[in-house]
Amino acid sequence: MMISAFQAVFDVKLKTILTAGLCAATLAGCGGGSDSIASKIITGGQEPIEVSPATFAPPVPCPSMELKSNAYLIRNYVRGKEDESEGLLYQATVEDWANSCTQQADGQRLMKVGLSGDVTPGPAWKGGEIVLPLRVAIVPGGTGAKPLSSEVLTVPVTLGERAPAEKWTLIEEKFTIPQGQSVKVVFGFDEGRRR
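Let me begin by describing the structure that accompanies this report. As the structure is a computational prediction, the values presented were derived from the model and not from experiment.

Our focus in this paragraph is the side chain of Thr-93. Mapped onto the elements of the fold, Thr-93 is located in strand β3 (residues 88-103). Here Thr-93 falls in the buried class, since its relative accessible area comes to 17%. Side-chain polar atoms of Thr-93 contact the side chain of Glu-95, separated by 3.2 Å. Apart from the residues within four sequence positions on either side, Thr-93 is in contact with Tyr-72, Leu-73, Ser-116, Gly-117, Asp-118, Trp-168 and Phe-189.

As structure tokens, then:
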């Protein structure tokens, strides 16, 4: 007996529908919990990812940073041999700086400041520890404005006799910027605190 083309196509479609239904029933019968085979197949075996709303928040603006003129370099000499090359103990420079801010619940911004540079020993250096004094001031906009805060931070650096230049880094996260205040960050070596 000859089967018509219509009946052959109908049989194939019926088998496909029955197979798909059987698979769905099997997966559904494996449990509806988060550990079910069906949910593992659908999610790729991974837990749902929670995304913090802070991820999509715009970046918090940070004040500009300004290196105080003539405060990027310290040269320390043996007493009585100032400005003589053989009397140079060491020289230190400020070379890189950056800052980042985070918004606080009270509307203020918390600022993290990073500063770095080099210390190079001079001919008169016998080795030991150097303490570099860096002043960081939060200054309101406008000329002649008094700083909102000003602090000298110290950076200890151990430097051997005839050693190569040593890199120093300072990262400080304790500066608060008042809400709605337009300020800049002025920084540099503080010559008055050198030792």
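Strands sit in the order β1-β8-β5-β6 across an open sheet of 4 strands; the sheet is mixed. Where the open sheet ends on each side, the last strands, each with one partner, are β1 (64-67) and β6 (149-159). Going from strand to strand, the sheet's axes swing by 25° on average, the running direction of each strand aside. Of the pairings in the sheet, the one linking strand β5 (residues 128-140) to strand β8 (residues 183-189) comprises 7 bridges and is antiparallel in character. Following the sheet pairing, Val-136 is matched in β8 by Phe-187.

How each quantity is defined
Residues numbered from 1 in each chain as written. Predicted model: local features only at pLDDT ≥ 70, side-chain atom pairs only at ≥ 80, totals over all residues. Heavy atoms only, no water. Helix = DSSP H or I, 4+ residues; strand = E, 2+ residues; numbered from the N terminus. Buried < 20%, exposed > 50% of the residue type's maximum accessible area, 1.4 Å probe, protein only. Polar contact = N/O pair within 3.5 Å; in protein donor to acceptor, adjacent residues only side chain to side chain. Contact = heavy atoms within 4.5 Å. Pairing = 2+ DSSP bridges. Axes fitted to C-alpha atoms, helices over the stretch in contact; angles between N-to-C directions.

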